[in-house]
Amino acid sequence: AQKVTQAQTEISVVEKEDVTLDCVYETRDTTYYLFWYKQPPSGELVFLIRRNSFDEQNEISGRYSWNFQKSTSSFNFTITASQVVDSAVYFCALSSTGNQFYFGTGTSLTVIP
Amino acid sequence: DTAVSQTPKYLVTQMGNDKSIKCEQNLGHDTMYWYKQDSKKFLKIMFSYNNKELIINETVPNRFSPKSPDKAHLNLHINSLELGDSAVYFCASSQDNGYNEKLFFGSGTQLSVL
């Protein structure tokens, strides 16, 4: 069974703080992809990153970084020096054979100025 | 210029009515989807089409009927609307139907059934 767990429902941080959003996944497939999407208050979901199961290299993109660890089935997302524009709901998702995406329940991040 | 556009953005209607939501993508993608996001923000796939062919049909009441006249369009028709249908419905597309594809989402249609 496929499952994505985002245990943090809501997080509030003060601007410029670092924040990590947790994502834990379950799958029996050996080949799969993990994603993060951002849903700002405007409502539209925006793709942030895709990582395949064979690539455990961490990735950094500006203030965003992702830590993929197969040993703990986690794909965590860190925002460094958070800004008010980072306020959004963030979704982690898993996709494998069967062409289905399984989304986590999302983490609502509020950055307080 | 919008990559995935869906209309209307808001839909308020009475129980028992029939309504449609339209979706168009100009990305040249082969696969389109409908997702439902409930009040707790949970996203669940409803349908997906690849080149006008239905490939995913989740456990959705048969009051919901998708229609894909061509690969750039995927409309959602809902018959006999119920209170529980109130949600945000997202259309999305991807280049292909592979599980490595990233999804491009529309801005959502907020459906309120009174």
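Anything mentioned here points back to the structure above.
Residues numbered from 1 in each chain as written. Chains lettered and ligands numbered in written order. Predicted model: local features only at pLDDT ≥ 70, side-chain atom pairs only at ≥ 80, totals over all residues. Heavy atoms only, no water.

(A) Geometry of the interface of chain B and chain A. Facing 21 residues of chain B, the contacting portion of chain A comprises 23 residues. Each partner contributes to the roughly 1,900 Å² buried at the junction of chain B and chain A, and carbon and sulfur atoms together form 59% of this total. Run the count over chain B and chain A and you get zero salt bridges. Inspection of the chain B/chain A interface yields three residue pairs in polar contact (both at pLDDT 80 or more). Residue assignment for the side of chain B that touches chain A shows that the elements contributing at least two residues are β4 (31-37) and β5 (43-50) of chain B. Across the side of chain B that touches chain A, the residue classes tally to nine nonpolar, six polar and six charged. (Contact = heavy atoms within 4.5 Å. Buried area = accessible area lost by both parts, 1.4 Å probe. Salt bridge = Lys/Arg side-chain N within 4 Å of Asp/Glu carboxyl O. Polar contact = N/O pair within 3.5 Å; in protein donor to acceptor, adjacent residues only side chain to side chain. Helix = DSSP H or I, 4+ residues; strand = E, 2+ residues; numbered from the N terminus. Nonpolar A, V, L, I, M, F, W, Y, C, P; charged D, E, K, R; others polar.)

(B) Region of interest: the state of the cysteines. Under the criterion given, the structure shown has two disulfides over all chains. Residue pairing for Cys23(A): its cysteine sulfur links by disulfide to Cys92(A), the two sulfurs lying 1.9 Å apart. Negative torsions about the S-S bond denote left-handed disulfides, and the value of about -65 degrees found for Cys23(A) with Cys92(A) makes this one left-handed. In this pair, Cys23(A) sits in the loop between β3 (19-21) and β4 (24-26) while Cys92(A) sits in strand β10 (residues 88-96), placing the two residues 69 residues apart along the sequence. In this model, Cys23(B) is linked to Cys91(B) through a disulfide, with the two sulfur atoms separated by 1.8 Å. Between Cys23(B) and Cys91(B) the disulfide shows an S-S torsion of about -80 degrees. By sign, it is left-handed. In this pair, Cys23(B) is assigned in strand β3 (residues 19-25) and Cys91(B) in strand β9 (residues 87-94), connecting sequence segments 68 residues apart. (Disulfide = S-S within 2.5 Å.)

(C) Representation of the side chain of Ser87(A) in the model. All names here are of chain A. If you trace the backbone, Ser87 turns up in the loop between β9 (74-79) and β10. A relative accessible area of 16% places Ser87 in the buried class. Here Val111 takes part through its backbone nitrogen, which lies 2.9 Å from a polar atom of the side chain of Ser87. Once you skip the residues sitting within four places of it in the chain, Ser87 turns out to touch Pro40, Pro41, Leu109, Thr110 and Val111. (Buried < 20%, exposed > 50% of the residue type's maximum accessible area, 1.4 Å probe, protein only.)

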